[in-house]
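# Breakdown of the fold
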Amino acid sequence: MQGEDEPSGSATMVEDEIYANGTSSDDQKRNRPIITGEQLDIEAYASLYSGRTKITRLIFIADHCGAETNQTMQLEALRMAYDEIKKGENALLFREVVPKIDGRLGPNYGMDAAWCEMVERRAEQRKDKLENELNAYRTNLIKESIRMGYNDFGDFYYAHGALGDAFKSYVRTRDYCTTSKHIIHMCMSAILVSIEMGQFTHVTSYVSKAEQTPEALDAITSAKLRCAAGLAHLEAKKYKLAARKFLETGPELGSHYNEVIAPQDVATYGGLCALATFDRSELKSKVIDNVNFRNFLELVPVVRELINDFYSSHYASCLDYLGNLKPNLLLDIHLHDHVETLYDQIRHKALIQYTLPFVSVDLHMMANAFKTSVAGLEKELETLITNNQIQARIDSHNKILYARHADQRNATFQRVLQTGSEFDREVRSMLLRANLIKHDYNQRGGSRKI
Amino acid sequence: MGTVEVLVAQIQGLSSTAGDISRLHTLLKQSEELLHAETSRLPSALAQLDASQHSLGYLYILEACTSVPISQEQTSSIVLTISRFISSCNPEQIRLAPEKFVSVCKRFKDQVILEVPIRGVAPLLTAIRKLQTSSEHLTTLHPEFLLLCLLAKCYKAGRSILDNDILEVDQPRDLFLYCYYGGMICIGLKLFHKALELLHNVVTAPMQSMNAIAVEAYKKYILVSLIYNGQFSTSLPKYTSSVAQRNLKNFCQPYIELANSYGTGNVEELDTVFQTNREKFESDNNLGLVKQAISSMYKRNIQRLTQTYLTLSLQDIASTVKLNSPKEAEMHVLQMIQDGEIFATINQKDGMVRFLEDSEQYKSCKMIEHIDSSIQRIMTLAKKLTAMDENISSDPLYLAKAGRERQRFDYDDFDSVPQKFNI
């Protein structure tokens, strides 16, 4: 497929197409101000979550927002975390946060030893009480009570931050589950603790266990399970599976699962994973036309906009949105590790998709559409071509990218001949080796004879 | 016992029928001591014999004759006698005493090497052809011949031997040397794929203990595989002997380093490794090959460009593959086009190179013939493989060994059948 073979008429047509596709379809849209990446509103962000995850997320933000440049943000996060911890009974987290504040928030936010002691003393008492109760249940052998006992223990440990013990206690209730509701309850508790611990293999196994008891699954629970599974896949870098799970999440989720994930997160995680891994038709059918998921996307208009931009090939504005989102996404406890990979994949997909319909592409136009220089674009395309992700070749003289259609027949011939000669060589050296070994045998056999 | 004269008479009388010759062979074996004692009278005895008719007797006397140190002035006459004998002797007779023939030929080679190696190439080739029972048979003379070819720089002559597939081997050492020298000859001829195959055979051959040939071969194997494949993987195939797998790498550290830095595709890094290990390469006599490997990196990088670019200026080529000037890039590209490694045209006016696709369409008669011959070849190989499999599975030695092994592992299965083969 050589560019020169093209009749000149079609070449101009192609150029028109590039124009229509890339740079300016409607100027209004292009000039629309793009929401600037304003600083994360921690107060609003924290209000999306409840329970332990709220605290850990706040601490995460404080750890990652860059203390030198963004001290106000860090202190704000720590202050809220401190307040939140005080409401609960987790002395472990408290001891973790106080040194981080390091007295910068005034005397009200210092080490409160009395509080710690009080919490710990109460915990001891409660633990003794729970133990006594559990022992009594166990001597009486009442299954339901034993289950409740273990469950209480799990709740107790969880509240005090002993996640490992909490997980063990929850799992122990399994032998005493009598109804499928109980099983679901056990699974949900185990999943919650595993997510907090970052043990995502456990999450996957308990999600599948819960899904095996469909009779007790209501809409909210199954939505929760989808989210948990999505998180597990995300953590395992299986972005496509993660995207599927998040997209399947029902709108019933609401804020019912805010001890783990907010509906906004579902939209962001799902949207980004889908962009990075889905092809165009999947993107249309599973994301844009997905009524359920649209509800989530409404919550995060930026993600909705960027997905639409991507689909309608306004790559520059899509990439702009992504760039603005990035600082905030890097502060997300689950997504931060994957932001770079996902962004790279999205950018590559955009480049690939841009070139796909064309026989030839003008690099100047394309660089314009991606807001980059021709030389930089050439380098990016080069890596994509080397990795065989784009079947094309660059005419660096005229700065045009030409699609290349591999000749299956020739490739097959080449492969056959190559395989043949490899086989030939290997069989020969094998025969030789076999003969050598045989020779060795003969020699040994001979020497034995003597 | 008789004297040399009697022996000569016996040789003359007993050289016609097969029965006579085997009797003569016994006689000759008995009189070996006599011959070695009376070396001074042998040249005259040789004169009375005809090399083509009395090959066996002639061979024995010649062997005895050359067993003593040869003086400087005798050398040329001896060399002449031996080369005449080699060209006229009767193959069937000399095969009765191969070790004698081999030792005569080896002495011949030793003499020739001292003077003009090229004089020994043709006689030794004849000697190999006469000594081997089939073209698959590797004789002790093979490595000697290849060594002469290398010294005489007659690579083409060596090639004629290397084209035969070797399957039967008398001595493992012969094979190691044969493949090593063969590899060097192929490197000389720039037949890197063949060289790679031969060196691969050395490296992966079954061995009980490390040997210097394998180490040297491995060094060259690394370099050739860089030149030919553009990459080298340190993991050897699993059929390689465990000794080789464990030890080879330790002996060739500089080469492994070179291969690793080659893998990065960075010319400067490769050059640093080359400079630090330069002395080592030089003392191994591999300097030339190392340089070839380094320059192959440029080719490799240019080849990669053909996959991504349709046109590229010489300037860009030079800067991408880190060549000093567009002129140098042009020379590289030109050379590669000439060798059929890339398909491209150079436009000197604009300084642009236009890369084309492979023009082979796999439609020509020649290509079909080539494919057909490959198929035939592979079918023969497959047949050979089956035959060999059958052969081995009915080999008493193999069965004895397999039987013993089974017995050791599994006492319940104990039966007396393999015991019979237990020699």
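As the structure is a prediction and not an experimental result, all values here were calculated from the model.

Each helix and strand counted, chain A has 22 helices and three strands in total. Looking at chain A residue by residue over its 450 residues, the buried ones come to 48%. Sequence-distant contacts, at least 24 apart, represent 63% of the contacts inside chain A between residues at least 6 apart.

The next thing to look at is the overall build of chain B. Across its full length, chain B holds 24 helices and five strands. Counting over 423 residues, chain B shows a buried share of 47%. Within chain B, contacts between residues at least 6 apart in sequence are counted, and of these 63% link residues at least 24 apart. With an accessible surface of roughly 21200 Å², chain B has 53% of that area assigned to carbon and sulfur atoms.

Even without glycine at this site, asparagine 388 of chain A takes up a positive phi of about 65°. As for its position among the elements, asparagine 388 of chain A is in the loop between α21 (374-386) and β2 (392-395). Overall, asparagine 388 of chain A belongs to the exposed group, its relative accessible area being 54%. A positive phi angle is found at asparagine 285 of chain B, which is not glycine, with a value near 60°.

Considering the arrangement of structural elements, one finds lysine 238 of chain A in the loop between α12 (219-235) and α13 (239-248). Along the sequence, lysine 238 of chain A and cysteine 273 of chain A sit 35 residues apart, while their C-alpha atoms lie 9.1 Å from each other.

This paragraph deals with the packing of aromatic side chains. The description of an aromatic ring pair rests on the distance of the ring centres and on the angle between the ring planes. Taken as a whole and judged by the stated rule, the model has 23 aromatic pairs over all chains. Arranged with centres 4.9 Å apart and planes meeting at 70°, the rings of tyrosine 255 of chain B and phenylalanine 281 of chain B form a pair that is edge-to-face. Here tyrosine 255 of chain B, found in helix α16 (residues 253-263), pairs with phenylalanine 281 of chain B, found in helix α18 (residues 278-283); they are 26 residues apart in sequence, far enough to count as distant. For phenylalanine 281 of chain B, a relative accessible area of 0% corresponds to the buried category. Grouping aromatic residues by their ring pairs yields a cluster made of Phe310, Tyr315, Tyr354, Phe358 and Phe370 of chain A. Stacked on the ring of tyrosine 311 of chain A, the Lys or Arg arginine 280 of chain A has its end atom at 4.4 Å from the ring centre.

Regular strands have side chains that alternate between both faces of the sheet. Residue and element names in this part refer to chain B. Neither face of strand β5 (residues 352-355) is left uncovered, since the one carrying Met352 and Arg354 and the one carrying Val353 and Phe355 both have all their residues buried. Pairing geometry for strand β4 (residues 344-347) and β5, over four bridges, is antiparallel. Paired with alanine 344 across the bridge in β5 is phenylalanine 355. In textbook terms, the turn of a hairpin is the stretch between consecutive antiparallel strands, and for β4 and β5 this stretch comprises four residues, one of which, glycine 351, has a positive phi near 70°.

Reading across the sheet, the six strands line up as β1(A)-β3(A)-β2(A)-β3(B)-β5(B)-β4(B) and stay open at both edges, with mixed pairing between neighbours. In this open sheet, the two strands that pair with only one neighbour each are β1 (360-362) of chain A together with β4 of chain B. For this sheet, the mean inter-axis angle between neighbouring strands, taken without regard to orientation, is 20°. With two bridges joining them, β2 of chain A and strand β3 (residues 309-313) of chain B adopt parallel strand pairing. Counterpart to isoleucine 394 of chain A in the pairing with β3 of chain B is tyrosine 309 of chain B. Sitting on the sheet, helix α21 (residues 326-338) of chain B touches β4 and β5 of chain B, and the angle it makes with β4 of chain B is about 145°.

A separate point is the interface of chain B and chain A. Taken residue by residue, the interface counts 52 residues in chain B and 43 residues in chain A. For the pair chain B and chain A, the number of links is three salt bridges. Across the salt bridge formed by arginine 377 of chain B and aspartate 424 of chain A, the nearest N and O atoms sit 2.6 Å from each other. Secondary-structure elements contributing two or more residues to the side of chain B that touches chain A are β2 (168-169), α12 (172-188), α13 (192-204), α19 (287-308), β3, β5, α22 (365-393) and α23 (396-409) of chain B. A per-class count over the side of chain B that touches chain A returns 23 nonpolar, 11 polar and 18 charged.

Here we come to the nonpolar core. Residues Ile191 of chain A together with Phe101, Tyr218 and Ile317 of chain B are the most contacted members of the largest nonpolar core, which totals 226 residues. Sorting elements by how many residues they give to this core places helix α14 (residues 212-229) of chain B first, with 11 residues. When sequence neighbours within four positions are dropped, the list of residues in contact with isoleucine 317 of chain B reads Ile302, Leu305, Leu312, Lys322, Ala329, Val333, Val353 and Phe355 of chain B.

Counted by the stated rule, this structure contains 42 salt bridges over all chains. Here glutamate 282 of chain A ties to arginine 244 of chain A by a salt bridge, and the two come within 3.4 Å at their closest N and O atoms. With glutamate 282 of chain A in helix α15 (residues 280-288) and arginine 244 of chain A in helix α13, this pair connects stretches of sequence that are 38 residues apart. For glutamate 282 of chain A, a relative accessible area of 12% puts it in the buried group. Three or more residues are tied together by salt bridges with common partners; here these are Asp424 and Arg428 of chain A together with Asp165, Glu197 and Arg377 of chain B.

Next up on the list: the confidence of the model for chain B. All names here are of chain B. With 95% of its residues at a pLDDT of at least 70, chain B reaches an overall mean of 83. Of all the helices and strands in chain B, helix α24 (residues 417-421) carries the lowest mean pLDDT, 46, while α14 carries the highest, 91. Predicted confidence for residues 413-423 stays below pLDDT 50, and this span has 11 contacts to residues more than four positions away or in other chains.

Let us now look at the packing of helix α6 (residues 91-101) of chain A against helix α7 (residues 113-140) of chain A. All names here are of chain A. Here α6 crosses α7 at 160°, and the two axes come no closer than 10 Å. Here α6 lies roughly antiparallel to α7, going by the angle between them. In the packing of α6 onto α7, the handedness of the crossing is left-handed. Note on element contacts: α7 touches α6 through Trp115, Cys116, Val119 and Glu120, opposite Ala91, Phe94 and Arg95. In terms of residue class, the contact of α6 with α7 is built from five nonpolar, no polar and two charged.

Our next topic: the confidence of the model for chain A. Do not read the fine detail of predicted coordinates wherever pLDDT is low. Residues and elements named next belong to chain A. Put simply, chain A has an average pLDDT of 81, and 88% of its residues get 70 or more. Here helix α2 (residues 27-31) stands out as the element of chain A with the lowest mean pLDDT, 40, in contrast to α13, whose mean of 90 is the highest. Within the model, the stretch residues 1-37 combines pLDDT values under 50 with 53 contacts to residues more than four positions away or in other chains. pLDDT under 50 marks residues 445-450. Its contacts with residues more than four places away, or in other chains, come to four contacts.

Conventions and cut-offs
- Residues numbered from 1 in each chain as written.
- Chains lettered and ligands numbered in written order.
- Predicted model: local features only at pLDDT ≥ 70, side-chain atom pairs only at ≥ 80, totals over all residues.
- Heavy atoms only, no water.
- Helix = DSSP H or I, 4+ residues; strand = E, 2+ residues; numbered from the N terminus.
- Buried < 20%, exposed > 50% of the residue type's maximum accessible area, 1.4 Å probe, protein only.
- Contact = heavy atoms within 4.5 Å.
- Areas by Shrake-Rupley, 256 points an atom, 1.4 Å probe, with all protein chains shown as cover.
- Phe/Tyr/Trp six-rings, centres within 6.5 Å; stacked < 30°, edge-to-face > 60°.
- Lys NZ or Arg CZ within 6 Å of the ring centre and 35° of its normal.
- Pairing = 2+ DSSP bridges.
- Axes fitted to C-alpha atoms, helices over the stretch in contact; angles between N-to-C directions.
- Salt bridge = Lys/Arg side-chain N within 4 Å of Asp/Glu carboxyl O.
- Nonpolar A, V, L, I, M, F, W, Y, C, P; charged D, E, K, R; others polar.
- Core = buried A, V, L, I, M, F, W, Y, C linked by side-chain atoms within 4.5 Å.
- pLDDT = per-residue confidence, 0-100.
- Parallel < 35°, antiparallel > 145°, perpendicular 65-115°, else oblique.
- Left-handed = near helix turned anticlockwise from the far one by under 90°.

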